[in-house]
Amino acid sequence: MLEHGTQVIVPTVVTPNHPSEPNSPTGLPHDTSVAVESLSTPQIRLLDINPVEFVETIHNGPGVVCIQTFLPNKKGNDWEHVTGPQEALAVAERFASRGGGIYFGVLPQLRMLPKAEGKRGDEFNVAHLTCFFTEIDLKDGITHELAWETIHAMPVPPSLITFTGGGYHLYWLLMERHAVTEENREKLKSLLKRWQRLVRKPLLQNHQLDDVAKLPGILRLPGYRNTKYGKNGPVVGVVDGWWHPERRYHLADLVQHLPAEAPPRLQYPQSGYRPID
């Protein structure tokens, strides 16, 4: 359980004002809290964390960064691979100027894939596992209160939580970078899925949730607008009180909370034959 127990705590204070332009990573726009209110959400204080610092904190070392944008009105998407977080910022700014939402590859990648290959990346291009991550979307009956009840019921607290205007992204930072290899790729994929299932277990019975815990998974980059709600949609940001880059876990510390994997189901012939126990 979290150190503050099971009490439900929903952020209720407004974002700070910053004299910056929309989609600028140097500060949150003046009307962020207004945009959030328009979506019938509580007022939430977002910390002004620079996107470069955010990606550096999650990747925790060198690696290729993938930046992706989805253009409004389903006009397509675009992506680009760069050599590090500073270069990623320039790409994010360029993409944001086109009016799209900005996403980043949560895990560092191995190589910069040429556009001619027609894909932004896959599990075979992921270099390291540096965190566990998932999301809780405010849809299908999931309220802020229910989302925070779920967060407070988690076995260990997330290191970082961002609010996107439509839900929460949660990250558990790892002490060590675990290289993804042919030998351990399936195991690491399974750990991500099982962790996501564990922390969202209170929601699974009655709500439909997207599967985001994938090695090549992307999530929204703080400092940019969620344009799903229009060009003046809410700015994605780190929730005040939930920026703890020093809160890192050994992989084993998280894995110990996972329930044992169920044994594979036996497949029997269609004749209906079953062995006698």
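The present account deals with the structure reproduced in this document.

Criteria and cut-off values
- Residues numbered from 1 in each chain as written.
- Predicted model: local features only at pLDDT ≥ 70, side-chain atom pairs only at ≥ 80, totals over all residues.
- Heavy atoms only, no water.
- Helix = DSSP H or I, 4+ residues; strand = E, 2+ residues; numbered from the N terminus.
- Buried < 20%, exposed > 50% of the residue type's maximum accessible area, 1.4 Å probe, protein only.
- Contact = heavy atoms within 4.5 Å.
- Areas by Shrake-Rupley, 256 points an atom, 1.4 Å probe, with all protein chains shown as cover.
- Axes fitted to C-alpha atoms, helices over the stretch in contact; angles between N-to-C directions.
- Parallel < 35°, antiparallel > 145°, perpendicular 65-115°, else oblique.
- Left-handed = near helix turned anticlockwise from the far one by under 90°.
- Salt bridge = Lys/Arg side-chain N within 4 Å of Asp/Glu carboxyl O.
- Phe/Tyr/Trp six-rings, centres within 6.5 Å; stacked < 30°, edge-to-face > 60°.
- 1 Å grid on protein atoms, 1.4 Å probe; cavity = no way out; pocket = protein on both sides within 12 Å on 5 of 7 lines; lining within 4 Å.
- Points joined across faces, edges and corners; volume = space filled by probe spheres on them.
- Nonpolar A, V, L, I, M, F, W, Y, C, P; charged D, E, K, R; others polar.
- Pairing = 2+ DSSP bridges.

### Concerning the overall build of the protein chain
Point 1. Counting secondary structure elements, the protein chain contains seven helices and 10 strands.
Point 2. Put simply, the protein chain has 277 residues, and 51% of those count as buried.
Point 3. Taking all contacts inside the protein chain whose residues are at least 6 apart in sequence as the whole, residues at least 24 apart take part in 72%.
Point 4. With an accessible surface of roughly 13400 Å², the protein chain has 52% of that area assigned to carbon and sulfur atoms.

### A closer look at the packing of helix α2 (residues 51-59) against helix α3 (residues 85-96)
Point 1. α3 packs onto α2 with a crossing angle of 135 degrees between their chain directions and a minimal axis gap of 9 Å. Between α2 and α3, the angle falls in the class oblique. Between α2 and α3 lies a crossing whose hand is right-handed. Residues Pro51, Val52, Val55 and Glu56 of α2 form the contact with α3, whose participating residues are Pro85, Gln86 and Leu89.

### Here's the deal with the pattern of salt bridges
Point 1. Counting across every chain of the model gives nine salt bridges.
Point 2. Put simply, arginine 185 and glutamate 182 hold a salt bridge, and the shortest N to O gap is 3.2 Å.
Point 3. In this structure arginine 185 comes out as buried when scored by relative accessible area, which is 6%.
Point 4. A single salt-bridge network, built from bridges that share partners, covers Glu123, Glu186 and Lys189.

### A closer look at helix α4 (residues 144-152)
Point 1. Where α4 is concerned, the buried positions are His144, Ala147, Trp148, Thr150, Ile151 and His152.
Point 2. Where α4 is buried, its residues contact β5 (128-137), β6 (160-163), β7 (167-179), α5 (185-199), α6 (201-204) and β9 (237-243).

### Concerning the packing of aromatic side chains
Point 1. Applying the stated criterion across every chain, the model contains nine aromatic pairs.
Point 2. A ring pair is formed by phenylalanine 70 and tyrosine 103, whose centres lie 5.2 Å apart and whose planes are at 80 degrees; its orientation type is edge-to-face. On the criterion of sequence distance, the pair formed by phenylalanine 70 in strand β2 (residues 65-70) and tyrosine 103 in strand β4 (residues 101-105) is long-range, its members being 33 residues apart.
Point 3. When its relative accessible area of 34% is taken as the criterion, phenylalanine 70 is described as partly exposed.
Point 4. Taking 5.5 Å as the distance between ring centres and 80 degrees as the angle between the ring planes, the aromatic pair formed by tryptophan 172 and tryptophan 195 counts as edge-to-face. With tryptophan 172 in strand β7 and tryptophan 195 in helix α5, this pair connects stretches of sequence that are 23 residues apart. Of the two residues, tryptophan 172 and tryptophan 195, both sit in the buried class.
Point 5. Ring pairing ties together the aromatic residues Phe54, Phe104, Tyr171 and Trp243, which thus form one cluster.

### Some words on the environment of asparagine 77
Point 1. By the secondary structure assignment, asparagine 77 is in strand β3 (residues 77-82).
Point 2. Asparagine 77 sits in the partly exposed class, given a relative accessible area of 37%.
Point 3. As a C-alpha pair, asparagine 77 and phenylalanine 95 span 18 residues in sequence and 9.8 Å in three-dimensional space.
Point 4. Sequence-distant contacts of asparagine 77, that is, excluding residues within four places in its chain, are made with Gln68, Thr69 and Phe70.

### Structural notes on the environment of arginine 247
Point 1. Relative to the assigned elements, arginine 247 resides in the loop between β9 and β10 (248-249).
Point 2. Remark: the alpha-carbon pair of arginine 247 and proline 157, spanning 90 residues in sequence, is separated by 8.9 Å.

### Side note on the layout of surface pockets
To find the voids left in a structure, one rolls a probe of water-molecule size over its atoms.
Point 1. For the largest pocket, the calculated volume is near 470 Å³.
Point 2. Around the largest pocket, the lining comprises 22 residues; the ones closest to its centre are Phe70, Tyr103, Arg220, Asn226 and Lys228.
Point 3. Secondary structure elements with two or more residues in the lining of the largest pocket: β4, β5 and β8 (218-220).
Point 4. Broken down by element, the lining of the largest pocket gets its largest block of residues, three residues, from β8.
Point 5. Looking at the lining of the largest pocket, its residues break down into eight nonpolar, seven polar and seven charged.

### Quick notes on the sheet that holds β8
Point 1. As summarised here, the arrangement of the four strands in space is β3-β2-β4-β8, forming an open sheet in which the pairing is antiparallel. Bordering the open sheet on either side are β3 and β8, each of which pairs with just one other strand. Recorded for the sheet is a direction-independent mean angle of 25 degrees between the axes of neighbouring strands.
Point 2. Across the sheet, α2 touches β2 and β4, and the angle it forms with β4 is around 25 degrees.

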